[in-house]
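So the chains spell out like this:
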Amino acid sequence: MPTRRNFLAATMSLGVPAILPRHGRGADGPNERVGVGFIGTGNQGMGLLQRFLAADMGNVVGVCDVNRGSLGYKEPAHFYGLEPAAALVAKDAGAKGRPAECGAYDDFRRLLDRKDVDAVVIVVPDHWHAIMTIMAADAGKDIYCEKPLSFAIGEGRRMIEAVRRGKRVLQTGSQERSNQVSRFVCEAVRAGRIGQIRRVVTTVGFNNKTGPGPGWSPMPVPPTFAYRRWLGPAPDQPYHEDRCLYRFRFNYDYSGGQITNFGAHSNDMAHWGMGVDTGGPVELECLDAKFLPAGSLFNTALETRFRCRYANGVELICESGPESVQTRFEGTDGWMQTGYRGTTASDPALLEGLPPKGTGTGDPHSRHLANFMDCVKTRAEPAAPVEVGHASSALCHAANALIRLFPETGPGHVARWDAARDCFVDDDAANRMLVPAQRDPWS
Ligand SMILES: NC(=O)c1ccc[n+]([C@@H]2O[C@H](COP(=O)([O-])OP(=O)(O)OC[C@H]3O[C@@H](n4cnc5c(N)ncnc54)[C@H](O)[C@@H]3O)[C@@H](O)[C@H]2O)c1
């Protein structure tokens with residue numbers, strides 16, 4: 001784990017890569033070591049980097065972050081950013097007796113310039129996902145991009161085009177697709193074990209952080225943090241620490257609240273079990289949404305409930321609850337549910353064959369990264385390809401459009417959805433909510 005001491009000991013300076021000669025040739029064959037760059041080394045990025053190094057999945061040839069390093073990520077004591085990440089890679093190389101050859105960048109474009117970067121792992125706030133993915137695909141890199149795949153619905157289609165045009169491998173960071181328990185449940189449901197599916201109920205956790213209320217005061221930007229680069233395409237706003245690290249997910253300028261945070265997992269599993277991996281609903285309605293007082297820094301919904309109807313009549317209800325990620329399939333012959341807190345069913349016989357806990361199932365994050373790395377070498381389709389990531393993100397974005405309108409419309413605003421075109425049918429107000437304001441040169 002990076003510490004304050006190894007942060008201070010780190011010698012890199014922003015924008016000046018600690019240069020690394022390239023010895024490997026990348027993914028020229030299934031036995032070649034792949035050169036990988038990690039973009040975004042915060043809460044999730046550091047976790048993925050640690051797993052990558054622990055399993056020795058390839059060569060980390062560069063890390064990139066706009067924060068040199070600070071405390072105060074998901075928890076106050078979490079110390080992440082560029083220098084802790086570079087120090088971690090250097091320490092790992094030392095332990096493995098390899099030369100320290102990791103570059104450190106505060107501009108992801110410099111990382112993409114490197115010929116020895118075969119693949120990138122993009123773990124930045126959502127408002128950067130599409131830009132980085134498209135530029136990486138155009139630069140010939142394979143991509144692991146965190147969920148939700150996109151920040152806005154239109155970006156998803158452009159990400160698909162860029163990935164397919166460039167013949168790139170893209171893995172969406174929906175690691176439940178590499179979780180053997182989730183796979184068991186979704187495949188059992190698809191195979192008809194609970195009969196015909198009638199309803200799917202998914203949960204998203206309640207907000208786990210509180211930001212400053214109306215009248216909050218801006219803070220000075222820390223000298224170690226390139227705030228302009230962090231904002232990128234997002235609207236220009238004064239700095240506050242609760243706007244950025246980890247807590248960005250509670251502001252609609254950068255993310256979609258728990259609907260896209262946890263909903264990208266629970267609703268993705270819903271699609272998986274329902275067999276609509278690349279489809280979407282035909283109708284949505286927000287049933288309830290509660291927000292903090294206007295002027296609060298956090299403006300995403302605190303609690304929500306929405307419903308969708310699919311063309312085959314199946315209903316999906318997504319609601320805030322104590323379970324951060326839970327997906328429950330209800331069918332004519334029983335129900336099964338799975339999520340972060342376990343797997344249960346209306347009849348234990350429905351779970352026959354369930355992989356036993358902790359025996360060979362492995363950590364889903366590691367399995368998902370390893371699946372990506374295998375696909376980089378074999379060029380096979382990964383567990384969560386770009387179209388799958390787009391479909392589950394699109395559902396969350398469509399729901400968020402109605403959730404955000406809820407204070408005006410109240411319940412009863414039933415909107416028809418065209419999943420092939422990613423837009424509402426004859427609903428200008430809802431369609432306007434799908435397009436975020438973005439700034440040049442990134443818009
Ligand atoms: N799959 C999962 O279960 C899972 C879990 C947590 C987070 N995530 C996803 O990972 C992403 C990041 O979330 P997090 O919790 O790690 O956030 P975070 O704020 O802790 O980390 C993001 C990092 O990206 C850096 N960054 C921002 N803009 C950058 C830029 N232009 N160039 C380089 N670095 C930049 C930030 O400085 C920060 O260090 C989100 O999309 C989130 O949804 C996925």
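Just so it is clear, the structure is predicted and the values come from calculations on it, not from any experiment.

### A word on the packing of helix α5 (residues 129-138) against helix α6 (residues 153-165)
The geometry of a pair of packed helices is captured by two quantities: the angle between their axes and the separation between those axes. One can describe the packing of α5 onto α6 by two numbers: an axis separation of 9 Å at closest approach and a directional angle of 15 degrees. Relative to α6, the element α5 is oriented roughly parallel. The crossing of α5 and α6 is left-handed. Across the interface between the two elements, His129, Ala130, Thr133, Ile134, Ala137 and Asp138 of α5 pack against Glu155, Arg158, Met159, Ala162, Val163 and Arg165 of α6. Counted by class, the contact of α5 with α6 contains 6 nonpolar, 2 polar and 4 charged residues.

### Quick notes on the sheet that holds strand β13 (residues 342-345)
Strand order in the open sheet formed by 9 strands is β13-β12-β11-β7-β10-β9-β8-β14-β15, and the pairing between neighbours is mixed. The sheet is open, and its two borders are formed by β13 and β15 (423-424), each paired with just one other strand. In this structure, strand β8 (residues 283-290) lies alongside strand β9 (residues 303-309), joined through 7 bridges in antiparallel fashion. Its bridge partner lying in β9, glutamate 283 is registered against arginine 309. Packed onto the sheet, helix α7 (residues 180-190) meets β7 (197-205), β11 (325-331), β12 (334-339) and β13 and runs at close to 155 degrees relative to β12. This element, helix α10 (residues 263-274), spans β7, β9, β10 (315-321), β11 and β12 of the sheet and lies at about 25 degrees to β11.

### A closer look at the site of the ligand
Taken together, 30 residues lie around the ligand, and Gln44, Asp65, Tyr73, Asp126 and Tyr246 are the ones closest in. Taken by itself the ligand offers 850 Å² of open surface, and the protein chains cover 96% of this. Looking at side-chain class alone, the shell around the ligand contains 14 nonpolar, 10 polar and 6 charged residues.

### Here's the deal with the state of the cysteines
Across all of its chains, the model carries 0 disulfides by this definition. Cysteine cysteine 102 shares no disulfide, and the gap to the nearest cysteine sulfur, in cysteine 64, comes to 11 Å.

### Details of the pairing of β10
With 5 of its 7 residues buried, β10 lies for the most part within the structure. Across 5 bridges, the pairing between β9 and β10 is antiparallel. For arginine 309, the partnering residue across the bridge sits in β10 and is glutamate 315. Linking β9 back to β10 in an antiparallel pair, the connection comprises 5 residues, with glycine 313 at a positive phi of about 95 degrees.

### A few points about the pairing of β12
Of all 6 residues in β12, 5 are buried; the element is thus mostly enclosed. Bridge count between β11 and β12: 6 bridges; the pairing is antiparallel. Its bridge partner lying in β12, arginine 328 is registered against glutamine 337. Between β11 and the antiparallel strand that follows it, β12, lie 2 residues.

### A closer look at empty space enclosed by the protein
Throughout the structure, instances matching the rule amount to 1 cavity of 30 Å³ or more. For the largest cavity, the calculated volume is near 40 Å³. Lining the largest cavity are Gly205, Asn207, Gly256, Gln258, Ile259, Ala301, Leu302, Thr304, Ser320 and Asn400. For the lining of the largest cavity, the per-class residue count stands at 3 nonpolar, 7 polar and no charged.

### Focus on the side chain of histidine 390
Note that histidine 390 resides in helix α12 (residues 386-409). Beyond its immediate chain neighbours, meaning those up to four positions away, histidine 390 contacts Leu149, Ile153, Gly156, Arg157, Ile160 and Asp422.

### Things to note about the environment of leucine 395
With respect to the helices and strands, leucine 395 occurs in helix α12. Discounting residues that sit within four places of it in the chain, leucine 395 has contacts with Asn267, His271, Pro281, Leu284, Phe306, Cys308, Tyr310 and Leu316.

### With respect to unusual backbone geometry
A cis amide bond links lysine 147 with the next residue in sequence, proline 148, at an omega value of -15 degrees. Note on placement: proline 148 falls in the loop between β5 (142-145) and α6. A cis amide bond, omega 5 degrees, links aspartate 440 with the succeeding residue proline 441. Relative to the helices and strands, proline 441 is located in the segment after α13 (428-432). Unusually for a residue other than glycine, arginine 379 sits at a positive phi of about 65 degrees. By the secondary structure assignment, arginine 379 is in the loop between α11 (364-378) and α12. A positive phi angle is found at aspartate 426, which is not glycine, with a value near 55 degrees. For aspartate 426, the location among the structural elements is in the loop between β15 and α13. The class for aspartate 426 is exposed, based on a relative accessible area of 72%.

### Points about the nonpolar core
Side chains of nonpolar character tend, in soluble globular proteins, to be buried together. Core analysis: the largest hydrophobic core is formed by 48 residues, its most contacted members being Leu284, Phe306, Leu316, Met336, Ile403 and Phe424. Looking at which element gives the most residues to this core, the answer is α12, with 10 residues. Discounting residues that sit within four places of it in the chain, leucine 284 has contacts with Arg307, Cys308, Leu395, Ala398, Ala399, Leu402, His413, Val414, Ala415, Trp417 and Phe424. Phe38, Leu88, Val169 and Tyr227 belong to the second largest nonpolar core, which has 41 residues in total.

### A word on α5
Counting buried positions along α5 gives 7 out of 10 residues, so the element sits mostly inside the fold. Within α5, burial applies to His129, Ala130, Ile131, Met132, Thr133, Ala136 and Ala137. Buried-residue contacts for α5 involve β1 (35-39), α4 (108-113), β4 (119-122), β5, α6 and β6 (170-172).

Conventions adopted
- Residues numbered from 1 in each chain as written.
- Predicted model: local features only at pLDDT ≥ 70, side-chain atom pairs only at ≥ 80, totals over all residues.
- Heavy atoms only, no water.
- Axes fitted to C-alpha atoms, helices over the stretch in contact; angles between N-to-C directions.
- Helix = DSSP H or I, 4+ residues; strand = E, 2+ residues; numbered from the N terminus.
- Parallel < 35°, antiparallel > 145°, perpendicular 65-115°, else oblique.
- Left-handed = near helix turned anticlockwise from the far one by under 90°.
- Contact = heavy atoms within 4.5 Å.
- Nonpolar A, V, L, I, M, F, W, Y, C, P; charged D, E, K, R; others polar.
- Pairing = 2+ DSSP bridges.
- Near = heavy atom within 4 Å.
- Areas by Shrake-Rupley, 256 points an atom, 1.4 Å probe, with all protein chains shown as cover.
- Disulfide = S-S within 2.5 Å.
- Buried < 20%, exposed > 50% of the residue type's maximum accessible area, 1.4 Å probe, protein only.
- 1 Å grid on protein atoms, 1.4 Å probe; cavity = no way out; pocket = protein on both sides within 12 Å on 5 of 7 lines; lining within 4 Å.
- Points joined across faces, edges and corners; volume = space filled by probe spheres on them.
- Core = buried A, V, L, I, M, F, W, Y, C linked by side-chain atoms within 4.5 Å.

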